[in-house]
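# Architecture and fold: a report
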Amino acid sequence: MASIDATSGRGELKKRSIAGSFLFKIPRDLDKPVQVALFRRSGKVSTYQHKLAPISGSVEKDDASPYATALREINEETGLTLSSLELLRVGKPYTFVDESIGREWTINPFGFRLKDRDEGGKGEEGIVIDWEHEGFEWFDPLHVSETDEFGGVPKLVNSLRRVWPEYDLGHHAGRALTHGLQSLRDDHESGARQLAEKAVSVFKILITEMKSDVIDDTWWANVRMAAWHICKARESMGAAITSAIVKILDRIVEVLGEDLSPPEKVQRIIASIDDQLIQRKSTTDHIRDTFFDYLRQNVIPSTESKKRVCILTLSSSSTISACLLQIAANLGVSLDLRILESRPLCEGVALASKLLELQNDSADLTITLYTDASMAQAARAVDVVVLGADCISAAGDVSNKTGSLPVVLSQRHVVPNARVVILSETEKIACPGPMGEHAAEENDAKEVMQAWTENPKSYKIIEGALADAQDGSTQRKIQVRNTYFEWVPACFIHGYITEEGLWSAEDIAKRSGWISGEMDRFFKNL
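This one's a predicted model, so the numbers in the text were calculated from it and none came from an experiment. (Residues numbered from 1 in each chain as written. Predicted model: local features only at pLDDT ≥ 70, side-chain atom pairs only at ≥ 80, totals over all residues. Heavy atoms only, no water.)

A few words now on the overall build of the chain. Helix and strand counts for the chain stand at 17 helices and 18 strands. Computed over C-alpha atoms, the radius of gyration of the chain comes to 26 Å, within 12% of the 24 Å expected from 2.2 N^0.38 for 526 residues, which places it in the range of a compact globule. With respect to the principal axes defined by its C-alpha atoms, the chain has extents near 85 × 70 × 45 Å. For the chain, with 526 residues in total, the buried portion stands at 52%. For the chain, long-range pairs separated by at least 24 residues make up 76% of all intrachain contacts whose partners lie at least 6 apart in sequence. Here the chain contributes 61 positively and 77 negatively charged side chains, and the mean placements of these two sets differ by 2 Å. (Helix = DSSP H or I, 4+ residues; strand = E, 2+ residues; numbered from the N terminus. Rg over C-alpha atoms; globule rule 2.2 N^0.38 Å. Buried < 20%, exposed > 50% of the residue type's maximum accessible area, 1.4 Å probe, protein only. Contact = heavy atoms within 4.5 Å. Lys, Arg positive; Asp, Glu negative; His and termini not counted. Charge placed at Lys NZ, Arg CZ, Asp CG, Glu CD.)

Here you go:
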C-alpha cells in the first residue's frame, strides 16, 4: 500500500478505495492444507505499521478497475507479474470506518493462486518485497484471527473470509466449496449451460455438508457468500451460473419462512434443487421447437427451390447439437451443415463427431468441416449462421467462442442476406453493463502451442523465448494469446432462439434488469 497522509483528528473522514490481494499456495491435492501469505507492513508506511496484511494499495484514478490496481500493487510490492498468478477468487467489496486514523476504507478483496515454476510462474522464490514490508509469512487461512496477539490490520479476517468463505463453513462444507470452485475453474470443455448445471450441483453438495442444526441469519449469510463465489468462479460464463444460483436462493427464502425444523428445511431445499435440475433438462426441447418454427417461417420459404438449408456454425454446444439432429430428421429438406474446427481445442471437430455418432437414418444431413482460416469459404451460399452464447449483455451483444465475430463478418461480406441467430437459454443474459465491462478469459498458451510441435524447430525457438521472457533474461518479447471468448455486437444478430420463444433485444434488456435486481436482493448487503 503506497504511503497515505494520516489524519489524527476526528474531523471529516478521508475516503480511500483499496484493492487487497491475498496470495495463496494451493496444493494439487486439495485435501492437503492451503496456505495464505500475509505481509508484515514496515515502519515506513503511514498506517498500520508492523501489522500483518494482504498486498494492499489505493485504487488510483488512472487504474482501469480495482483488479488492475491489485495487479499493479502486487507487482510493485512483490515483483510478481500476472504470469506468476492465477486469479482465484473475487471477494465481495465492503466498507468500514477506522476513526483512530480518520479513514473510511472501501476494500476490494482478491485472492490469487501463486503458480509454481513448472507452470510458468516464479513460485515463492519470485517474491521480492519492497520498502513497504518487513517480510511475509505463510498461514493456514483458518488460523488467521483478529486478536491483538495475531497482529493483523483491522478487519483482516473480514477481508480474508470474503475470498476464502471456507473460513466460516466448517471442514466438510469448506472442502466441498474448495473442490467445487476448482472443478468449475478447471472445466474448459463444458459450455455455459452445462457449467451452470454443474454449479447447481456444487451448491447442492455444499448445503448438504453445511452444519444445519441451527438455521439463522449467520447460516443464511454463509450460504449467500458461498453462492457469490460460485457465481464468480468463471466470470466469462457467470451469467448462466448466476441465473441458476439466484433461482435457488429465491426458493431458499421461501423455505426459510416455513414452519419446519432445520433438518426439514434442508431436506426441502435439496428437493427444490433436484426439481430445478430436472426442469433444466427440458429447456433444450423448447429451444429446438422455437428454432424449428423459425426455420419454417423465415428460411424454408426462400430455399424451397433448392430443397436444402445450409447452416454454418462453430465450437461445440450441447444445445446446438441436439437442435441440429432434430432439425435434420424433421425439417423435410436436406441439411448442409458446415462446421469450423474451432482451435485450439477443436470443439468443432467434437461437435461433428457427436453428430455423426448420434445421427440416425432419418436425418438428411451432410457435414463439412472447415479450418478456421477458411471461414469465408465456408460462408458461401449459407442461409443461416447459428451461434451459441456463453453470455448475453443487456444490449443483446453475445459472447461466444473466439471466431464467432469473424464468422459473422465473413457472412456479411460473402452472403449479406443470410441470417444470424443465437440459440441460447435465457439464463445466459447478464446484468446491465456494456460488453466491454464483462470479464474476458485468457487461458493457457500451451493449448495453442501444442499444434505447433509438428514443426519442432520453430516450436522450440518460441518456447525458449517465452521461458526467457518469463525469467527476464532476454530482451526478446513474445506473447501467445489464448482468449476463449469474444463479443458479437447485437447489430449483427437477427434473433435470439430461447426456451421462452423468439426474443428480441428488448426482451433481453428486461431480463437483464430482473437479474440485476436479484443480485442486489441477495448480495448487496453481504
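Moving on: the packing of helix α6 (residues 217-232) against helix α17 (residues 505-523). Axes are the key here: two packed helices are described by the angle between their axes and the distance separating the axes. The contact between α6 and α17 brings their axes to 10 Å, and the two run at 140 degrees. Here α6 lies oblique to α17, going by the angle between them. On the side of α6, the interface is formed by Trp220, Arg224, Ala227, Trp228 and Cys231, while α17 contributes Met519, Phe522 and Phe523. For the contact of α6 with α17, a count of residues per class yields seven nonpolar, no polar and one charged. (Axes fitted to C-alpha atoms, helices over the stretch in contact; angles between N-to-C directions. Parallel < 35°, antiparallel > 145°, perpendicular 65-115°, else oblique. Nonpolar A, V, L, I, M, F, W, Y, C, P; charged D, E, K, R; others polar.)

Now for the pairing of strand β2 (residues 35-41). Burial within β2 is extensive, with five of its seven residues counted as buried. The pairing of strand β1 (residues 14-25) with β2 spans three bridges and is antiparallel. Residue Leu23 lies in a different strand from β2, and its bridge partner there is Ala37. (Pairing = 2+ DSSP bridges.)

Before going further, it helps to spend a moment on the confidence of the model for the chain. Summary statistics for the chain give a mean pLDDT of 90 and a share of 95% for residues scoring 70 or more. Every residue in residues 2-9 is under pLDDT 50, and counting partners more than four places away or in other chains gives 22 contacts. (pLDDT = per-residue confidence, 0-100.)

Counting 48 residues, the largest nonpolar core has Phe203, Ile230, Leu249, Ile252 and Phe523 as its most contacted members. Those elements giving two or more residues to this core turn out to be α4 (171-186), α5 (192-209), α6, α7 (238-256), α8 (262-280) and α17. Excluding anything up to four places from it in sequence, Ile230 contacts Leu177, Leu181, Leu184, Ala199, Val202, Phe203, Ile241 and Ile245. By size, the runner-up hydrophobic cluster in this structure holds 29 residues, among which are Ile311, Leu324, Ala328 and Leu355. (Core = buried A, V, L, I, M, F, W, Y, C linked by side-chain atoms within 4.5 Å.)

Once that is clear, we can look at the packing of aromatic side chains. Applying the stated criterion across every chain, the model contains twelve aromatic pairs. Ring plane angle 55 degrees and centroid distance 6.0 Å describe the contact between Tyr67 and Phe110, whose orientation is recorded as tilted. Residue Tyr67 is located in helix α1 (residues 66-78), and its partner Phe110 is located in strand β7 (residues 103-114); the two are separated by 43 residues in the primary sequence. Of the residues examined, Phe110 reaches a relative accessible area of 6% and is grouped as buried. For the pair Phe136 and Trp138, a centre-to-centre distance of 6.2 Å together with 85 degrees between the ring planes defines the contact as edge-to-face. (Phe/Tyr/Trp six-rings, centres within 6.5 Å; stacked < 30°, edge-to-face > 60°.)

This paragraph deals with the sheet that holds strand β18 (residues 501-503). Taken in spatial order, the seven strands of this open sheet run β11-β10-β9-β12-β15-β17-β18, and their pairing is mixed. The sheet is open, and its two edges are formed by β11 (365-370) and β18, each paired on a single side. On average, each strand axis in the sheet is inclined to that of its neighbour by 25 degrees, with strand direction left out of account. In this structure, strand β17 (residues 495-498) lies alongside β18, joined through three bridges in antiparallel fashion. The residue of β18 that forms the bridge with Thr498 is Gly501. Running over the sheet, α17 touches β17 and β18 and is turned about 90 degrees from β18.

Time to look at the pattern of salt bridges. Following the criterion strictly, the structure yields 30 salt bridges and no others. We note a salt bridge from Arg193 to Glu425, for which the minimum N-O separation is 3.3 Å. On the criterion of sequence distance, the pair formed by Arg193 in helix α5 and Glu425 in the loop between β15 (419-423) and α15 (445-449) is long-range, its members being 232 residues apart. Exposure class is identical for Arg193 and Glu425. Each is buried. Taking the shortest distance from any N to any O, the salt bridge between Arg288 and Asp285 comes out at 3.4 Å. Placement of the pair is Arg288 and Asp285 together in helix α9 (residues 283-298), with a separation of three residues, close to one helical turn. A relative accessible area of 21% means that Arg288 is categorised as partly exposed. (Salt bridge = Lys/Arg side-chain N within 4 Å of Asp/Glu carboxyl O.)

Moving on, we get to the sheet that holds strand β14 (residues 398-401). Strands sit in the order β13-β14-β16 across an open sheet of three strands; the sheet is antiparallel. Each having just a single partner strand, β13 (391-392) and β16 (485-488) make up the two edges of the open sheet. Looking at chain direction, β14 and β16 are connected through four bridges and run antiparallel. Looking across to β16, one finds that Val398 is bridged to Val488.

Time to look at the state of the cysteines. Tallied over the entire structure, the rule returns zero disulfides. Cys310 forms no disulfide, and the closest cysteine sulfur to it belongs to Cys323, at a distance of 18 Å. By relative accessible area, Cys310 is classed as buried at 0%. (Disulfide = S-S within 2.5 Å.)

Next up on the list: unusual backbone geometry. A cis amide bond links Arg343 with the next residue in sequence, Pro344, at an omega value of 10 degrees. Note that Pro344 resides in the loop between β10 (334-340) and α12 (347-358). For Tyr48, which is not glycine, the phi dihedral falls at a positive 55 degrees. Within the secondary structure, Tyr48 sits in the loop between β2 and β3 (52-53). With relative accessibility at 16%, the residue Tyr48 sits in the buried group. Even without being a glycine, Ala381 presents a positive backbone phi close to 65 degrees. Within the fold, Ala381 resides in the loop between α13 (375-378) and β12 (384-387).

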